[in-house]
Amino acid sequence: MPNLTGSPPKQRGVLFSDHQLDERSVVVIGDIHGCAQALRELLTEIINTNCQVVFVGDLMDRGLQFESVLTIVYSMCTDPKKWGIKSAICLMGNHERMILDAYSGHDFRLWLYNGGFTEDFQFISDTNRWGWLNGLPLYYEHPTKVDWDGEILNLLVTHGSVDPGVPLEYQDPETLYWGRKIQGFSHDHITVHGHTICREGEPLEYDTPTGKVLRIDTGSYATGIVTGVAFREV
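Residues numbered from 1 in each chain as written. Predicted model: local features only at pLDDT ≥ 70, side-chain atom pairs only at ≥ 80, totals over all residues. Heavy atoms only, no water.

A. Structural detail: unusual backbone geometry. Look at His33: it is not a glycine, yet its phi comes out positive at around 50 degrees. The residue His33 is located in the loop between β2 (25–29) and α1 (36–43) in this model. Its identity as a non-glycine residue notwithstanding, Asn50 has a phi of 65 degrees, on the positive side. Along the chain, Asn50 falls in the loop between α1 and β3 (52–55). (Helix = DSSP H or I, 4+ residues; strand = E, 2+ residues; numbered from the N terminus.)

B. Structural view of the pattern of salt bridges. Scanning the entire structure with this criterion turns up five salt bridges. A salt bridge links Lys212 to Glu151; the shortest N-O distance between them is 3.3 Å. In this pair, Lys212 sits in strand β10 (residues 211–215) while Glu151 sits in strand β7 (residues 151–158), placing the two residues 61 residues apart along the sequence. Judged by its relative accessible area of 36%, Glu151 falls in the partly exposed class. Three or more residues joined by partner-sharing salt bridges are found here, namely Glu151, Glu205, Asp207 and Lys212. (Salt bridge = Lys/Arg side-chain N within 4 Å of Asp/Glu carboxyl O. Buried < 20%, exposed > 50% of the residue type's maximum accessible area, 1.4 Å probe, protein only.)

C. Main features of helix α3 (residues 94–103). Counting buried positions over the ten residues of α3 gives nine, a clear majority of the element. Along α3, the positions that sit buried rather than exposed are Asn94, His95, Glu96, Arg97, Met98, Ile99, Leu100, Asp101 and Ala102. Of the surrounding elements, those touching the buried residues of α3 are α4 (108–113), α5 (118–126), α6 (130–134) and α7 (173–178). Within two residues after α3, Gly105 carries a phi angle of roughly 85 degrees, on the positive side. (Contact = heavy atoms within 4.5 Å.)

Geometry only, nothing functional implied.
And the structure:
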């Protein structure tokens, strides 16, 4: 449940998996929002398994440990062997988009209003990570099919939402990192999103008219829970 006491929630990293992780595993990790302790706990089940990792974005804001989160995620994406994993990629979340817009002078107040910290802004400058953040992709489609609860499906990950049937390269970026509409990309896909909080602290699955959707933002800054969900290649 969301934290209503005003005190920081106890952080936990939770992995949902029906198999032992290996090089055929793809672990999608939900919104982190500066909860480094929860991320570290989750990674104890991921590192040295040779699996593949996809972060949905929203590494920053609202939580207080963004420096550690960015350091970890950047290292995993740029030097996965150091972590004993096959690969890692991080997507553009709406909070990455907001801080980039603040950096460009577009709208500093919007980012601050949504939980931004000037210390985080300075840390990105000090570590010269603006270019890396600006280059984050808007979606990830796994090159091979995965097994999801006995169904063989394509795996698509975005931060926010997706427009069914629109070729991925022509999707509206605003939809991919800001959208909240729950709709699958196609019946051949399972589409995984962050962005919209599952307030009970567990992922939520939907069978929509346009395909399956799995939401995995478990409200880290409010619940303390950072969630990973493992898929297995077939």
